[in-house]
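Here is what each chain is made of, one letter per residue.
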Amino acid sequence: MDPVDTLLFVLVATPAHSGLGMALPYRAPRGTGTAAPPLSSGTLIRVPLGKRETLGVVVPRPEHVELPATDRIRTASAVLEGLAPLSAHWLALVQFAAGYYQRAAGEIALAALPPPLRELDGIQLDRRLKKFIKIKEFPDNPSQYSAIHKVAKPLHTAEQQAVLAQITAQTGPFLLFGATGSGKTEVYLQTVQDLLTADPRAQALVMVPEINLTPQLEARFRARFEPILGAQAVVAMHSAMTPPQRLQSWLAAHQGSARIVLGTRLAVFASMPHLRLIIVDEEHDPSYKQTEGARYSARDLAVWRGRNESARVILGSATPSLESWQHALTGRYTRLEMTHRPGTELIGVRPQLLPLVRTVDMTRQPARTIIAPPLLAAIRERAERSEQSLLLLNRRGYAPVLACGACEWKSECPHCSAYRVFHKIDRSLRCHHCGHTEPVPRACPGCGNVDLQTVGRGTEWLEEHLTELLGGLRIARMDADSTRRQGELERGLAQVHAGEVDVLVGTQMIAKGHDFRHVTLVAAINPDGGLFSSDFRAPERLFSLLLQAAGRAGRSADHVAQAEVWIQTQHPQHPLFAALKKHDFPGFAALQLTDRQQAGLPPFSFQALLRADARTQEAAQQFLQAAAQAGSALAESERVSLYPAVPLGVQRVANIERAQMLIESASRPALQRFMAAWQPDLLHLRQSAEHKAVVRWLLDVDPLLI
Ligand code: ADP
Ligand code: ZN
Ligand code: ZN
């Protein structure tokens, strides 16, 4: 019999919901006999699991352990030499995320490590590590840090100075509410600089919502810090990097040689032993929510991590999430505000010299107008002045549906309850849900009619249509289709920056973050869908998108006075647009929060979704009903409401039927206790013969899309 204190407890990646949520016991690897010091928590170790060998993380012995029979306890293979153990803080983050998002800690821990660590065999990994591990810990050489003071930077505006002073004086978390172009990034740079100057080991984590936004930010951080800290001091961390690149960045952060980590949501789990500052830029962005596997919010985890590790946290946005805004109103977050663009404080044409927002009443335009004549004229005018226009349409492809005029046929996806989108460029019908793609049929598959018609309009159509309407102007498109191949996005952006494009058509992709200097007109072609949606967050997303888009107009000081945002709408009187015209986020937020409070919606309540995917809709719903029944028997259910099971908006994807059930509570802890107590029931139900048509189930805590 092994005494329990000679055993190691190891987190490994177990399949979600296998019931193996806990750390597994192993004997210490051979050669580390009883005389050797015990392995510390956080040690990376290779262990046998089933027929494979896998990577695991040593954790402290759990309080309650049920040991399997002695002969079933296996011996760990080998410790990953040369790597310092992960910190107790890091392990705490993983444990918290696992508990909060109802997943196995091993799954979260292993997903947070770079793929080569997990996947390479011992020899391959040794070779890689030898190559990278040469990157030394940052040398303790104070003379280098004094050089930080000499970095070139702009003279800070009064607002920037006030904000920086508050960040220094207080502990946060901070919500930096700053108009687009008000110089938030400059505040981030300076805060990082202050930190690195004060503490020669300190590390900063800077997060952005999308991979596309990292190159721009990286360039600014590198320009600022590389000359003094060297090329290794700034590393990027996102999923589009190659596995060796990710390993290198991860090691640099883990060893402390990377002082600044710039990354997307997965970077919230970066191992940073000297983490002192976390910045979450565009904190409202839905991309911070992971939508597969463990559905964590990187923004929310960042706040938790910051508190747990005494690192300052700054959330920045021109349109904060209503959750964060509410925290700022109640004083839980310290609100910092910047309303002016640098260089415009003293010019008094419009109060803050933000772009003029105008609505175009589409009910007064000739029938079937897609782009109102005055808007076309305004676009032409810009082009004549060598200025650029951005046209936003939130639907890619040529037309959302292809239909037969003679019979009922429409381009439905055979595998999903959705239409396939017509892409004219390669004459294909593509399902945006499952990816199913086919050439456009020559004739209607229903009746043989050759005259198939498009219904509705996408970016591809708009681009084509504009070419007709604006003969002579240079028109380009940027969306998920046009930027699919490596380098296409960069090429497209470079063209816009170089002034080789007069009109850029695109999806929300073009509204975010890019620093377009010559854009003076932004137009939303058909934004009304966001006004009346069944999703209570749709107006919040629409307002944010339009205000962000407005921030693209007039970025350079010479242009700011003539910058305009045009909104084509059937509802020009809508309060959302009224607030937008005044660039009044606080006003908009107040309206929304009042509605939400009356309806008992977040941030005034807390939600989770239980989703079931099954072969039939009936089976999916039956699972949810059985789950609800089990749940209502729990003591914790008293403060929790369970709503009826319903099909998802897109009910069937890739031949799998999907249903979900909303769980709501006025108390976050009550909801958490309920889900924890409920998990065993869910595991049990899933395994019962009655529910074998269920393919998977999952819990989404704090879901963004209901
Ligand atoms: P945000 O992140 O809020 O959108 P940025 O930090 O990107 O704003 O700043 C917008 C533009 O203003 C950038 O080109 C930046 O270089 C410039 N800028 C920022 N702060 C100053 C300043 N104090 N003086 C002059 N220009 C500034
Ligand atoms: Zn037909
Ligand atoms: Zn499909």
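Thresholds applied
Residues numbered from 1 in each chain as written. Chains lettered and ligands numbered in written order. Predicted model: local features only at pLDDT ≥ 70, side-chain atom pairs only at ≥ 80, totals over all residues. Heavy atoms only, no water. Helix = DSSP H or I, 4+ residues; strand = E, 2+ residues; numbered from the N terminus. Expected span 1.5 Å × (residues − 1). Buried < 20%, exposed > 50% of the residue type's maximum accessible area, 1.4 Å probe, protein only. Contact = heavy atoms within 4.5 Å. Donors = N, O, S within 2.8 Å, 3.2 Å for Na, K, Ca; no water. Tetrahedral: all angles 85-135°; square planar, octahedral: opposite > 155°, others 65-115°. Phe/Tyr/Trp six-rings, centres within 6.5 Å; stacked < 30°, edge-to-face > 60°. Near = heavy atom within 4 Å. Polar contact = N/O pair within 3.5 Å; in protein donor to acceptor, adjacent residues only side chain to side chain. Areas by Shrake-Rupley, 256 points an atom, 1.4 Å probe, with all protein chains shown as cover. Axes fitted to C-alpha atoms, helices over the stretch in contact; angles between N-to-C directions. Parallel < 35°, antiparallel > 145°, perpendicular 65-115°, else oblique. Left-handed = near helix turned anticlockwise from the far one by under 90°. Nonpolar A, V, L, I, M, F, W, Y, C, P; charged D, E, K, R; others polar. Salt bridge = Lys/Arg side-chain N within 4 Å of Asp/Glu carboxyl O.

J.: What is the right way to read helix α1 (residues 88-100) from this model?
T.: Note on helix geometry: an α-helix contains 3.6 residues per turn, so any two residues three or four positions apart are oriented the same way. With 13 residues, α1 should reach 18 Å at 1.5 Å per residue; the first-to-last C-alpha distance of 18 Å fits that figure. Inspection of α1 places Trp90, Leu91, Leu93, Val94, Ala97, Ala98 and Tyr100 among the buried residues, and these make up the whole buried set. Contact partners of the buried residues in α1: β4 (52-59), α2 (105-111), α10 (298-308), α19 (668-687) and β29 (694-701). Note on α1: the residue one or two positions beyond its end, Gln102, has a positive phi of about 60°.

J.: Sorry, what's going on with helix α11 (residues 322-330) here?
T.: Buried residues dominate α11, accounting for 7 of its 9 residues. All of the buried residues in α11 are Leu322, Glu323, Ser324, Trp325, Gln326, His327 and Ala328. At the exit of α11 stands Gly331, carrying a positive phi of roughly 90°.

J.: Before we go on, may I ask you to explain the coordination of the zinc ion (ligand 3) in this structure?
T.: Six octahedral donors around a metal ideally sit at 90 or 180 degrees from one another, while four tetrahedral donors ideally sit at 109.5 degrees. Summarising the metal site, the zinc ion (ligand 3) is bound by the protein donors Cys413 (SG), Cys416 (SG), Cys431 (SG) and Cys434 (SG), whose distances to it range over 2.3 Å. One can describe the site at the zinc ion (ligand 3) as tetrahedral: its 4 donor atoms subtend angles covering 105 to 111° at the metal. Mapping the donors of the zinc ion (ligand 3) onto the primary sequence yields the spacing C-x2-C-x14-C-x2-C. Here Cys416, found in the loop between β16 (401-404) and β17 (421-423), pairs with Cys431, found in the loop between β18 (428-430) and β19 (437-439); they are 15 residues apart in sequence, far enough to count as distant. Taken individually, Cys416 and Cys431 each receive the classification buried, so the pair is uniform in this respect.

J.: Mind showing me how you'd approach the coordination of the zinc ion (ligand 2) here?
T.: For the zinc ion (ligand 2), the protein coordination sphere consists of Cys404 (SG), Cys407 (SG), Cys444 (SG) and Cys447 (SG), at 2.3 to 2.4 Å. Considering all 4 donor atoms around the zinc ion (ligand 2), the spread of angles at the metal, 101 to 114°, places the coordination shape in the tetrahedral class. Every donor residue of the zinc ion (ligand 2) comes from the same chain, spaced as C-x2-C-x36-C-x2-C. Taken together, the positions of Cys404 in strand β16 and Cys444 in the loop between β19 and β20 (452-455) put the pair 40 residues apart, joining distant regions of the chain. Since its relative accessible area comes to 4%, Cys444 is described here as buried.

J.: Explain the packing of aromatic side chains to me, please; I cannot follow it from the model alone.
T.: We describe a pair of aromatic rings using the distance from one ring centre to the other and the angle between the two ring planes. Tallied over the entire structure, the rule returns 12 aromatic pairs. Relative to Tyr100, the ring of Phe96 lies with its centre 5.7 Å away and its plane at 25°, an arrangement referred to as stacked. With Phe96 and Tyr100 both in helix α1 and 4 residues apart, this pair spans about one turn of that helix. Overall, Phe96 belongs to the partly exposed group, its relative accessible area being 26%. Residue classification places Tyr100 among the buried positions, given a relative accessible area of 8%. Ring geometry for Phe221 against Phe225: centres 6.0 Å apart, planes inclined by 25°, an arrangement best described as stacked. You can see Phe221 and its partner Phe225 sitting in helix α8 (residues 214-229), 4 residues apart, about one turn around the helix.

J.: What's the story with the site of ligand 1 in this structure? I'm lost.
T.: Lining the immediate environment of ligand 1, one finds 17 residues, of which Leu155, Gln160, Lys184, Thr185 and Arg220 sit closest. Between ligand 1 and Thr185 there is a distance of 2.6 Å, counted from an oxygen atom to a side-chain nitrogen or oxygen. Measuring from an oxygen atom of ligand 1, one finds a backbone N or O atom of Glu186 at 3.2 Å. Surface burial for ligand 1 is 75%, taken as the share of its 560 Å² of free accessible area covered by protein chains.

J.: Quick question: what am I supposed to make of the packing of helix α7 (residues 184-198) against α8 here?
T.: For any two helices packed against each other, one specifies the inter-axial angle together with the distance between the axes. Taken N-terminus to C-terminus, the directions of α7 and α8 make an angle of 30°; their axes are 11 Å apart at the nearest point. It follows that α7 is roughly parallel to α8 by the angle criterion. The crossing of α7 and α8 is right-handed. Mapping the contact onto sequence places Thr185, Glu186, Tyr188, Leu189, Gln190, Val192, Gln193 and Leu196 in α7 and Leu217, Arg220, Phe221, Arg224, Phe225 and Leu229 in α8. When its residues are assigned to classes, the contact of α7 with α8 shows 8 nonpolar, 3 polar and 3 charged.

J.: Is there a simple way to think about the pattern of salt bridges in this case?
T.: Two side chains carrying opposite charge are able to pair once their charged atoms lie near each other. Taken as a whole and judged by the stated rule, the model has 29 salt bridges. Asp479 is the salt-bridge partner of Arg477, the closest N and O atoms lying 3.0 Å from each other. By relative accessible area, which is 13% here, Arg477 ends up buried. Its salt-bridge partner being Arg611, residue Asp613 comes within 2.9 Å of it at the nearest N-O pair. We classify Asp613 as buried; its relative accessible area is 2%. Salt bridges here are not isolated pairs; linked through shared partners, they connect Glu218, Arg222 and Glu226.

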